Amino acid sequence: MKRRSVLALSGALLAGALAANPARAADLIFTSGALAPVTEAQKMRTVILKDFKSPVTFLPDEPPAMLTRLRAEVEGKARVSSLVGGNDGDLAVLAASGALVPIDDVAQQLASRGFAPDLMTMGKLGTDKQLYIPWMQATYFMVANKKALPYLPAGADINALTFEQLRQWGEAVQKATGKRLVGFPAGPNGLMHRFFQGFLLPSYTGGVVSTFKSADAEKAWTEFAALWKTVTPNSTSINFMQESLLSDDVWIGFDHVARLLGALEKRPDDFVAFPAPAGPKGRGWMPVVVGLGVLKDAPDPAGAKALIGYLTQDSTQLITAREVGFFPTVKATLPPDLSPGLKMAVAAIQGTGAAKDSLAAMLPGGLGPKGGEFNKVFIDTFQRVVLRNEPAHDVLARQAEVLQRIMTEANAPCWKPDPVGAGACQVK
Amino acid sequence: MKRRSLPYLLIAPAVIFLVVLFFIPLVQTIALAFETKSGLGIGNFARMADDLNFHDSLVNTFRFVGLAVPLQLAAAMGMAMMLRHLGRGRDLVLWIWTIPLGLSDLAAGLVWLALLNDRGYLASLLYALGVVSEPQSWLTYETPIALFVAVVIAEFWRATAIVVVILVAGLQLVPKEFGEAASVFGASPWRIFTRVTLPLMKPSIQSALILRTVLAFEAFAVVIAIGGRNFPVLVSEAYTWQNFNQEPSVAAAYAVVVMVLSLAATVLWLKLLRTPEEQRA
C-alpha cells in the first residue's frame with residue numbers, strides 16, 4: 001500500500017515535470033537559425049506566430065548551434081523538430097545530410113503567392129526537387145552617423161560611393177576627430193566573411209572563387225588593407241554594428257540589415273543608410289534568402305507544411321517585415337505606414353539592387369558541411385593580409401590551395417557572379 | 001552475499017555517472033580525433049597544426065598558464081599565512097575572498113570586460129581624473145600585451161580563491177608547535193616559513209597546483225569574454241572549429257591536445273612534489 005502510494009506520487013511528479021517542459025510534446029516544433037536574437041524571437045512568438053491555428057514552439061538558435069542540435073536529433077533518433085528555418089547555406093548543409101524532405105507539393109500549392117522565381121530556384125539547392133520555400137529576404141548595407149557627412153570627399157554621392165571614396169572619407173573623419181570611426185563586423189559572431197564573399201571581392205574581381213588569386217584580388221585585399229587603417233581596432237570584437245553605431249564608437253559601419261535596424265529604429269534622425277561601395281567591376285552585393293524546410297521523419301509534417309503556408313501569406317509577410325526587418329519573398333507591397341528606420345533600410349536595399357552598376361553575388365551554395373571551412377578561408381586571408389600585414393600575393397596563393405581543396409571535396413559548382421557551369425568550381 | 005555486494009552497490013551510481021558522462025565521451029573524442037576519411041590517422045592533427053591560429057593559441061595557452069598559476073600560488077600562500085595570524089574576523093575575510101568562486105566563469109569574464117574595455121569603468125575613471133584625454137582601447141589586436149595582462153588579471157581574480165581554500169585547509173593540519181619549537185631555537189620567521197611550514201604544506205600545494213594547472217589549460221569563458229578572437233587559446237580554438245568551422249574532428253584533435261597537456265602537468269606535479277612514504281600523515 002505504502003509502496004504503491006510512493007509510486008503514484010513519483011508518477012505524478014514525473015508527469016508534472018513533463019508538462020512543465022516548455023517544448024510541449026503536442027506543439028509543432030519550429031527550429032530556426034534565423035531570428036535568434038532575443039527581441040526578434042520574442043516578436044516571432046508573440047506577434048508573428050500568434051494567429052496560426054495551432055500552438056507552435058519557436059526554438060531559434062545561432063546557426064552553428066541550430067545545426068548541431070538538429071544533427072543531435074538525427075543521430076540520437078529523437079526527432080522533435082518538424083519545421084526548420086534558416087538561410088540558404090545552412091539549409092544546404094541539412095539537405096546534404098539528407099535531413100530535408102522534398103516539398104514540391106507545397107511549392108505547387110503556394111504557386112499563386114507569386115514567389116520571386118530566382119528565389120524558388122535557389123530553394124532547389126541545385127537539385128530538381130524543391131527543398132525549401134523562400135521565407136524572408138535581406139541584404140547588407142551601410143549606415144553612417146550624420147556627424148560624418150561633412151567629411152564626405154568632394155563630389156562623392158553617398159548613394160554611389162566607391163571603395164576609394166570610402167577610404168578617403170574614413171581618412172577625413174580620422175583627421176578631423178583623431179579617431180578611427182569606420183567599422184566592420186569582424187567579431188567572432190560577426191558576418192565579416194559575407195563582406196568579402198558578397199561585396200569586396202565581386203566589386204574588384206567580378207567573381208569570388210574563380211578569381212580568388214587573380215591580380216584583381218590582390219588589388220582588392222591591398223586596397224582593403226589601406227582602408228583598414230581608418231577602421232576602429234575594436235572591429236575584431238564587433239558582432240552587431242547597431243550597438244557600435246548607437247554608442248558612437250563607429251560613425252560609418254557595414255552590416256546585415258537585421259544587425260543595423262536597431263540603430264535606425266532607435267535614432268532615425270541621427271543616421272543615414274546607403275548602399276555598400278563599388279569597385280572597378282561593379283557594386284557587389286549579396287542578397288540573403290531565409291527559407292523554410294520540412295525535416296525528414298518529422299513528428300508533424302502536415303503541421304509544418306501548414307505553417308509554411310501561413311508564414312508566406314501576404315499579411316504574415318508584411319507583419320514579418322514590420323516586426324523583424326526581413327523583407328517579403330512574395331509579391332507584396334510594403335505598407336506606407338512603415339517606421340522611419342525601416343523606411344531607410346528599404347530605401348538602401350532597393351538602392352543597392354537598382355544601382356546601375358549593381359552586381360549580385362549569391363550566397364555560397366552547394367558546399368554542404370564545408371560551408372564553415374569555406375568562410376574560414378576568407379577570415380584567414382583577412383587575418384593574414386589585413387591584420388598581420390603579410391604580402392597579399394603569397395597569402396592568396398596559399399589560401400587558394402585550401403579553397404580549391406574545399407571546392408573539389410564538396411564538388412560544388414560555381415555560383416554567380418563566378419561563371420556558372422558543371423563540375424567543381426576551379427580557382428583560376 | 002548481500003554484505004559483499006553492498007560496497008559495489010554503493011559506488012555504482014558514481015561509477016555509472018563517470019562512465020556515461022566522462023569515460024564514454026572521452027573515448028568518443030579520442031576516436032573522433034584520429035578518424036579521417038581514409039581510416040585512422042593523424043590527418044586531423046596535421047590540419048590543426050597547419051592552421052593559422054594553432055601556433056598563437058599554443059603560445060598564448062602556455063604563457064597564460066605560466067604566468068597565472070605561479071602568481072596565484074604565491075598570492076594564495078600569502079593570503080593563507082595572513083589568515084593564520086588573524087584572530088577575530090578570520091571567517092569574514094575568508095568568506096569575502098571566496099566570493100569570486102560563486103560566480104560563473106563567463107559572468108566573471110563579462111564583469112572584467114565591463115571594467116576594462118574602452119568605455120568601461122576604469123577608462124571612465126581615468127578620463128574623469130584627467131589621466132587620459134580620450135577613451136583608450138586596451139583589448140584589441142593592436143594591444144596584445146595589455147590584452148594578455150587583462151586576461152591574466154581576470155583569471156587571477158576569479159580563481160585564486162580555490163587555491164586559498166586548499167592551502168588554508170592544508171595549513172590547519174600543520175601543528176603550530178613545530179614553528180614555535182623552531183622559533184625557540186632562534187629561527188627567523190622567514191626561515192620557519194621556508195624550512196618548516198612550506199615542506200609540511202607540500203601535499204596541499206601539490207593538490208592546488210594540479211587543480212589550477214589543469215583548469216588553466218582549460219580556460220575558456222574568461223578568455224573568450226575578454227579576448228574574443230584576438231586572444232586565441234587551445235580551448236577557444238576547439239570551440240571555433242566545432243562551432244564556426246563545423247569540423248568536429250579537428251575540434252576533437254584540440255581536445256586531445258588539451259587532455260595530454262593536462263595529464264602531463266598532473267604527472268609533473270606528482271613527481272616534482274612527491275611526499276616520501278615515511279612523511280605521510
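Remember, it's a predicted structure, so these values are computed and weren't measured experimentally.

Enquirer: Explain the overall build of chain A to me, and be specific about the residues and the numbers.
Expert: What chain A contains, in helices and strands, is 16 helices and 13 strands. Along the first, second and third principal axes, the C-alpha set of chain A runs to 85 × 50 × 50 Å. Buried residues in chain A amount to 55% of all 428 residues. In chain A, the share of contacts with a sequence separation of at least 24, taken over all contacts with a separation of at least 6, comes to 75%. Here chain A displays about 17600 Å² of accessible surface, and carbon together with sulfur accounts for 57% of that area. With 44 positive and 39 negative side-chain charges, chain A shows a separation of 4 Å between the mean positions of the two kinds.

Enquirer: Would you mind going over the overall build of chain B in detail, with residue names and values included?
Expert: Summing up its helical and strand segments, chain B has 13 helices and 2 strands in all. When its C-alpha atoms are laid out on the principal axes, chain B stretches across 80 × 70 × 35 Å. The burial tally for chain B puts 39% of its 281 residues in the buried class. Summarising the internal contacts of chain B: among those between residues at least 6 apart in sequence, 72% fall at separations of at least 24. Accessible surface, chain B: about 16100 Å² in total, of which carbon and sulfur atoms supply 70%.

Enquirer: Outline the pairing of strand β2 (residues 56-60) of chain A, listing residues and values.
Expert: Residue and element names in this part refer to chain A. Counting buried positions over the 5 residues of β2 gives 4, a clear majority of the element. Looking at chain direction, strand β1 (residues 28-32) and β2 are connected through 5 bridges and run parallel. Each bridged residue has a counterpart across the sheet, and for S32 the counterpart in β2 is P60. Read as a crossover between parallel neighbours, the route from β1 over helix α2 (residues 38-48) to β2 is right-handed.

Enquirer: Report on the interface of chain B and chain A, specifying residues and quantitative values.
Expert: The partner chain A presents 33 residues to the 25 residues of chain B that form the contact. Roughly 2500 Å² is buried in total at the junction of chain B and chain A, and carbon and sulfur atoms are behind 38% of that figure. By the criterion of area lost to chain A, the three top residues of chain B are L52(B), Y141(B) and R229(B), representing 28% of everything that side buries. Joining chain B to chain A, the criterion identifies 7 salt bridges. Its salt-bridge partner being D51(B), residue K376(A) comes within 2.7 Å of it at the nearest N-O pair. Linking chain B with chain A are 9 residue pairs in polar contact (both at pLDDT 80 or more), by the criterion used here.

Enquirer: Give me the state of the cysteines: which residues, what numbers.
Expert: Residue and element names in this part refer to chain A. Evaluation of the coordinates by the stated rule reveals 1 disulfide over all chains. Here C414 engages in a disulfide with C425; their sulfurs sit 1.9 Å apart. Taking the sign of the torsion about the S-S bond as the criterion, the disulfide between C414 and C425, at about 90 degrees, is right-handed. Residue C414 is found in the segment after α16 (392-410), and its partner C425 is found in the segment after α16; the two are separated by 11 residues along the sequence.

Enquirer: Mind laying out unusual backbone geometry, listing which residues take part and the relevant values?
Expert: All names here are of chain A. Omega for the peptide link from K416 to P417 comes to 5 degrees, which places this bond in the cis form. Turning to its location among the elements, P417 is positioned in the segment after α16. If you check the backbone angles, D248 has positive phi at about 65 degrees while not being a glycine. With respect to the helices and strands, D248 occurs in the loop between α10 (241-246) and β8 (252-256). Look at D248 and you get partly exposed, because its relative accessible area is 24%. The phi dihedral of N389 is positive, around 55 degrees, even though this residue is not glycine. Among the secondary structure elements, N389 is positioned in the loop between α15 (371-387) and α16. N389 gets classed as exposed once you look at its relative accessible area, which sits at 58%.

Calculation criteria
Every chain's residues receive numbers from 1 upward, in the order its sequence appears when written. Each chain is given a letter, starting from A, and each ligand a number, starting from 1, according to the order in which they appear as written. This being a predicted model, a pLDDT of at least 70 is required before a residue's local features are given, and a value of 80 or more before pairs of side-chain atoms are given or counted; all residues contribute to the totals for chains, interfaces and linings. In computing side-chain properties, one takes all heavy atoms of the structure into account and sets aside hydrogens as well as water. For the purposes of this entry, the term helix denotes a DSSP run of H or I that reaches at least four residues, the term strand denotes a run of E that reaches at least two, and both are numbered from the N terminus. Classification of residues uses two cut-offs on accessible area relative to the type maximum, computed with a 1.4 Å probe and protein chains only: under 20% is buried, over 50% is exposed, and between them is partly exposed. Whether two residues touch is decided by their heavy atoms; if any such pair falls within 4.5 Å, the residues are in contact. Using the Shrake-Rupley algorithm and a 1.4 Å probe, accessible areas are obtained, with residue cover drawn only from the displayed protein chains. His is not counted here, nor are the chain ends, while Lys and Arg score as positive and Asp and Glu score as negative. Every charge is mapped to an atom, namely NZ of Lys, CZ of Arg, CG of Asp or CD of Glu. A pair of strands is treated as paired once DSSP finds two or more bridges between them. Convention used here: a crossover is right-handed provided that the path from the first strand, over the helix, to the second strand proceeds clockwise when the strands point away from the viewer. Once two parts are brought into contact, the accessible area they lose, counted with a 1.4 Å probe and summed over both, makes up the buried area. Whenever Lys or Arg places a side-chain nitrogen within 4 Å of a carboxyl oxygen from Asp or Glu, that contact is recorded as a salt bridge. In protein, a polar contact means a hydrogen-donor-capable atom and an acceptor-capable atom, both N or O and within 3.5 Å, with residues adjacent in sequence counting only if both atoms are side-chain atoms; elsewhere, any N or O pair within 3.5 Å suffices. When the sulfur atoms of two cysteines come within 2.5 Å, that pair is taken as a disulfide.

Note that all results are geometric; they support no functional claim without further evidence.
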